[in-house]
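# Residue-level structural notes
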Amino acid sequence: MESKLQLHGFNNLTKSLSFNIYDICFAQTEEQRKAYIDYIDEMYNAERLTQILSDVVKIIGANILNIARQDYDPHGASVTMLIAEHELTEEQANNEESPGPLPDTIVAHLDKSHVTVHTYPESHPHEGISTFRADIDVSTCGLISPLKVLNYLIHSFDSDVVTVDYRVRGFTRDVDGTKHYIDHDINSIQNYLTEDTQNAYKMIDVNVYQENLFHTKMMLKDFNLDNYVFGMSASDLDPVQARSIEERLRREMLEIFYSRNVT
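Throughout, residues of each chain are indexed from 1 in the direction in which the sequence is written. Side-chain atom pairs in this predicted model are given and counted only at pLDDT of 80 or more, local residue features only at pLDDT of at least 70, and totals for whole chains, interfaces and linings cover all residues. Side-chain descriptors were evaluated using all non-hydrogen atoms of the structure, hydrogens and water having been removed beforehand.

## Side note on the overall build of the protein chain
Here is the rule we go by: Helix numbering and strand numbering both begin at the N terminus, where a helix is a DSSP run of H or I of at least 4 residues and a strand a DSSP run of E of at least 2. Three exposure classes are used, based on accessible area relative to the maximum for each residue type with a 1.4 Å probe and protein chains only: buried under 20%, partly exposed in between, and exposed over 50%. By the convention used here, residues are in contact when the closest approach between their heavy atoms is within 4.5 Å. Method for areas: the Shrake-Rupley scheme with a 1.4 Å probe, in which residue coverage is limited to the protein chains shown.
For the protein chain, the count of helices and strands is five helices and ten strands. When each of the 263 residues of the protein chain is scored for burial, the buried share is 50%. Long-range contacts, defined here as pairs at least 24 residues apart, represent 73% of the contacts in the protein chain between residues at least 6 apart. Entry remark: accessible area of the protein chain is about 13100 Å², with carbon and sulfur atoms responsible for 47%.

## A closer look at helix α5 (residues 239-258)
Spelled out, the test is: Take the residue count of a helix, subtract one, and multiply by 1.5 Å to get its expected span.
Between its first and last C-alpha, α5 extends 28 Å over 20 residues, near the 28 Å set by a 1.5 Å rise per residue. As for α5, its buried residues are in contact with β1 (14-26), β5 (129-141), β6 (161-169), β9 (201-205) and β10 (213-220). Among the residues trailing α5, serine 259 stands out with phi positive, at a value near 60°.

## Describing the pattern of salt bridges
Defined as follows: By salt bridge we mean one thing: a side-chain nitrogen of Lys or Arg within 4 Å of a carboxyl oxygen of Asp or Glu.
Per the stated rule, a full pass over the model turns up five salt bridges. Here arginine 33 and glutamate 30 are joined by a salt bridge, their closest N and O atoms 3.3 Å apart. Of the two residues, arginine 33 and glutamate 30 are both situated in helix α1 (residues 30-43); the distance of three residues between them amounts to about one turn of the helix. A relative accessible area of 10% places arginine 33 in the buried class. Aspartate 135 is the partner of arginine 133 in a salt bridge, and the nearest nitrogen-oxygen pair spans 2.9 Å. We classify arginine 133 as partly exposed; its relative accessible area is 27%.

## Let's talk about the pairing of β10
The side chains of a regular strand alternate, first on one face of the sheet and then on the other. As a reminder, the rule being used: Strands pair, by our definition, only if DSSP identifies at least two bridges between them.
Burial analysis of β10 places six of its eight residues in the buried class, which makes it a mostly covered element. As paired elements, β6 and β10 share seven bridges and run antiparallel to each other. The residue bridging threonine 163 from the neighbouring strand is lysine 217, located in β10. As judged from the five bridges shared by β9 and β10, these two strands associate in the antiparallel manner.

## Observations concerning the packing of aromatic side chains
The geometry of an aromatic ring pair comes down to the distance between the two centres and the angle between the two planes. What counts here: Stacked, tilted and edge-to-face pairs are distinguished by plane angle, under 30 degrees for stacked and over 60 for edge-to-face with tilted covering the rest, among Phe, Tyr and Trp rings (Trp via its six-membered ring) whose centres lie within 6.5 Å.
Counted under the stated rule, the structure contains nine aromatic pairs. Here tyrosine 166 and phenylalanine 214 contribute two aromatic rings whose centre-to-centre distance is 6.2 Å and whose plane-to-plane angle is 35°, an arrangement assigned as tilted. Pair noted here: tyrosine 166 is in strand β6 and phenylalanine 214 is in strand β10, with a separation of 48 residues, a long-range link. As far as burial versus exposure is concerned, tyrosine 166 and phenylalanine 214 are alike and both buried. A centroid spacing of 5.7 Å and a plane angle of 75° characterise the contact between tyrosine 209 and phenylalanine 214, whose relative ring orientation is edge-to-face. On the basis of relative accessibility, which here comes to 3%, the residue phenylalanine 214 falls in the buried class. Each residue in the set Tyr36, Tyr39 and Phe230 is aromatic and connected to the rest through ring pairs, giving one cluster.

## Some words on the side chain of asparagine 20
Operational definition: Whenever a nitrogen or oxygen atom comes within 3.5 Å of another N or O atom, the pair is scored as a polar contact, on the condition that within protein one atom can donate a hydrogen and the other can accept it, and that pairs from neighbouring residues in sequence are kept only if both atoms are in side chains.
Along the chain, the position of asparagine 20 falls in strand β1. Polar contacts involving the side chain of asparagine 20 include one to the side chain of aspartate 135, which spans 2.8 Å. Not counting residues up to four positions away in its chain, the partners in contact with asparagine 20 are Ala134, Asp135, Val161, Val162 and Thr163.

Now the structure itself:
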């Protein structure tokens, strides 16, 4: 905003960030597919996810009120946190359109919020493709934008494809009674990502500015087959098999990125 708002009472705007990451791999045999699911369940169990969300809470400077977490059978996990803190003053708020930090310092405070994460590991014998998805939601109320945690979250997971949705809801009133439906300038979610992240991903935006709706899709540019075959090395594959597996993996990434099947 060109000038700081002088508000009447509490800032009632709700800012919601929905963050979906996909990790994709090739697991050829049934044994390898089971091992991949077991690896994901261990790597992103409820305890590890709780630590990631605790770091998110530190970044936005909140206090954890309650934690509910669960590992599921046969696989998957969920964590939900209710958090609260005092409202920021305008001087304390940092809503500049710039990347947020990694969780080494507390940078802001908010009034009421929640953060959640749910994981969805899956594998299918057809084509040998396995995909892990994590859905994370950060909802804040007040001056702080949850976009400041985006940089940290992308670095917390092996992210091949990422979709991000950001929405500002409700309104707050200034001292003259005028309603304001957003309290910070934003042109693109991409501006909240570090330069190295922007360079690493192909990205497209679908924004509805008049509705304060922002959407960004990201797909990793570099492709090294060794990073995608589970339980084997790319050097163990003959060239024809390696090309076939790479084509299947790339198609999986494209289908998730564009949200439609490729024939």
